[in-house]
Amino acid sequence: MTIINILGHIVLSFGLFFIVTALVGLVRMPDEYSKIHAAGVSDSLGYPMCYLGLALISGMDFMSIKFFVIFILILIISPVITHNIALSLSMQDQKERVK
């Protein structure tokens, strides 16, 4: 195993750790906002680290370019989606308070 391959496995392990931690947070958190935060950590930190680790393991080929594109898209799209879910939940809470 090369150094880059070992580094890829380490990064992949950290990504899986963040995903498992977020899943535990989804189960244990009491309200929806905390659950959104736990899911956002998984989306923003866990999945990109997994894709980066897979790109390092696969080496520099076309597959690593695909992993890099997915990595960038998740870093851009995930916070926006998490924000929109929280915003819609907040608007729903405000409508229920008015009634």
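Read on for an overview of the structure. (Residues numbered from 1 in each chain as written. Predicted model: local features only at pLDDT ≥ 70, side-chain atom pairs only at ≥ 80, totals over all residues. Heavy atoms only, no water.)

Our focus in this paragraph is the side chain of threonine 82. Locating threonine 82 in the fold gives a position in helix H3 (residues 62-98). Beyond its immediate stretch of four places on either side in the chain, threonine 82 contacts Ile36 and Gly40. (Helix = DSSP H or I, 4+ residues; strand = E, 2+ residues; numbered from the N terminus. Contact = heavy atoms within 4.5 Å.)

Turning next to helix H1 (residues 3-28). Look at H1: 37 Å from first C-alpha to last across 26 residues, which is about the 38 Å you get at 1.5 Å a residue. Here the buried face of H1 lies against helix H2 (32-58). (Expected span 1.5 Å × (residues − 1).)

The next point concerns the layout of surface pockets. Estimates place the volume of the largest pocket at around 200 Å³. Lining of the largest pocket is provided by Ile4, Tyr51, Leu52, Ala55, Leu56, Gly59, Met60, Ser64, Ile65, Phe67, Phe68 and Phe71. Elements that contribute at least two residues to the lining of the largest pocket include exactly H2 and H3. When its residues are assigned to classes, the lining of the largest pocket shows 10 nonpolar, two polar and no charged. (1 Å grid on protein atoms, 1.4 Å probe; cavity = no way out; pocket = protein on both sides within 12 Å on 5 of 7 lines; lining within 4 Å. Points joined across faces, edges and corners; volume = space filled by probe spheres on them. Nonpolar A, V, L, I, M, F, W, Y, C, P; charged D, E, K, R; others polar.)

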